[in-house]
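Residue-level structure breakdown
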Amino acid sequence: MRTHAPLIAVDLGSSFIKGAVLDPDTLAIGHVERVPFPDPIAGIDPGLREFDPRQIVDATRALLERLLQHAPDAEGIVMCGQLHGMVLADERGNAVSNAINWQDQRALQPYPGGEGSYFDEIDRRLGAEDRRRLGNEARPGVPLCYLFWLACRGRLPDRPAVVAAIPDFVVANLCGGTPTTDVTHAFGHGALDVEASDWHRAAIERLGLA
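These numbers come from a predicted model, not from an experiment.

So, how was this worked out
- By convention here, each chain's residues receive numbers from 1 onward along its written sequence.
- Side-chain atom pairs in this predicted model are given and counted only at pLDDT of 80 or more, local residue features only at pLDDT of at least 70, and totals for whole chains, interfaces and linings cover all residues.
- Note that water and hydrogens are dropped before the side-chain values are worked out from all heavy atoms of the structure.
- Note on aromatic pairs: the rings of Phe, Tyr and Trp (six-membered ring only in Trp) are paired at centre separations within 6.5 Å, and the planes decide the class, stacked below 30 degrees, edge-to-face beyond 60, tilted for the rest.
- Think of it this way: any DSSP run of H or I at least four residues long counts as a helix, any run of E at least two long counts as a strand, and we number them from the N terminus.
- Only protein chains enter the accessibility calculation, which uses a 1.4 Å probe; a residue is then buried when its area is under 20% of its type maximum, exposed when over 50%, and partly exposed in between.
- Charge over a ring is defined by NZ of Lys or CZ of Arg lying within 6 Å of the ring centre and within 35 degrees of the ring normal.
- Here, a salt bridge means any side-chain nitrogen of Lys or Arg that lies within 4 Å of a carboxyl oxygen of Asp or Glu.
- When checking whether two residues touch, look at their non-hydrogen atoms; a contact exists if any pair is within 4.5 Å.

Aromatic ring pairs are defined here through the distance separating the ring centres and the angle between the ring planes. By the definition in use, this model includes 5 aromatic pairs. Here the aromatic rings of Tyr 118 and Phe 148 are separated by 6.4 Å at their centres, their planes lie at 80°, and the arrangement is edge-to-face. With Tyr 118 in helix H2 (residues 118-133) and Phe 148 in helix H3 (residues 143-152), the pair connects residues that are 30 residues apart, well separated along the chain. Pair check on accessibility: Tyr 118 and Phe 148 agree, each one buried. With centroids separated by 6.4 Å and ring planes inclined at 55°, the aromatic side chains of Tyr 118 and Trp 149 adopt a geometry described as tilted. Residue Tyr 118 is found in helix H2, and its partner Trp 149 is found in helix H3; the two are separated by 31 residues along the sequence. Like Trp 149, Tyr 118 is buried. Put simply, the rings of Tyr 111, Tyr 118, Phe 148 and Trp 149 pair up and form one aromatic cluster. Positioned over the ring face of Trp 149 is Arg 106, at 4.5 Å from the centre of the ring. In this arrangement the basic side chain of Arg 139 is found over the ring face of Phe 187, its NZ or CZ atom lying 4.6 Å from the centre.

This is the structure we're talking about:
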């Protein structure tokens, strides 16, 4: 006798969007499906790794529709995805930027009017204490670096926007709501204050992203 309805699991990987039906009663994984993750946008700087956010949502929706044929009584979705990806979205969940993922290397481009790269400039602005509180694990492929690059180039939206992890953006679009996030995503964004277990708001402000 079934005591729990099935769940649908989705993984937004960088090569494929994968899904399956989870049976909480038997702890079984069934009906594994996958669709290709959308191709990166062509014709841009090779150091940039950007994607059309609408294509990500459409591909995920198509996968869910296939899985729902196997589990029409599913009571929920569990989702995970690329740790360092982001989409800027408005309060209605509409994308106001392309999706950028962990493969992006824009922070390693030369910083205009200075020495070294954008990544080096971030390090100069933050200093040793901020780096310590950020966990001493500086990485160029995180949203904090993408946002700094966009800010320096005047390419941030001219209206309020939410910095959404790619799974949060997809969920908001599937549900018709505003993207929300948990403080645990601060690590994936490169902005976790490991002492306070909160966003490192001072570091964010020092990079002109408040």
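Still more ground to cover, so stick around.
Before going further, it helps to examine the pattern of salt bridges. All chains considered together, the criterion is met by 16 salt bridges. The salt bridge involving Asp 104 is made with Arg 106; its shortest N-O contact spans 2.7 Å. Of the two residues examined, Asp 104 and Arg 106, each falls in the buried class. Note that Glu 121 and Arg 125 form a salt bridge whose closest N and O atoms lie 3.0 Å from each other. Of this pair, Glu 121 and Arg 125 both sit in helix H2, 4 residues apart, which is roughly one turn of the helix. Taking relative accessible area as the criterion, Arg 125 reaches 31% and is therefore assigned partly exposed.

With that out of the way, let us pick up H3. Taking burial as the measure, the 10 residues of H3 include 8 buried ones, the bulk of the element. Every buried residue of H3 is accounted for by Pro 143, Leu 144, Cys 145, Tyr 146, Leu 147, Phe 148, Trp 149 and Leu 150. Structurally, H3 contributes buried residues whose contacts are with strand E6 (87-89), strand E7 (99-100), H2, strand E8 (162-164), helix H5 (185-188) and helix H6 (201-206). At the C-terminal side of H3, Gly 154 shows a positive phi close to 65°.

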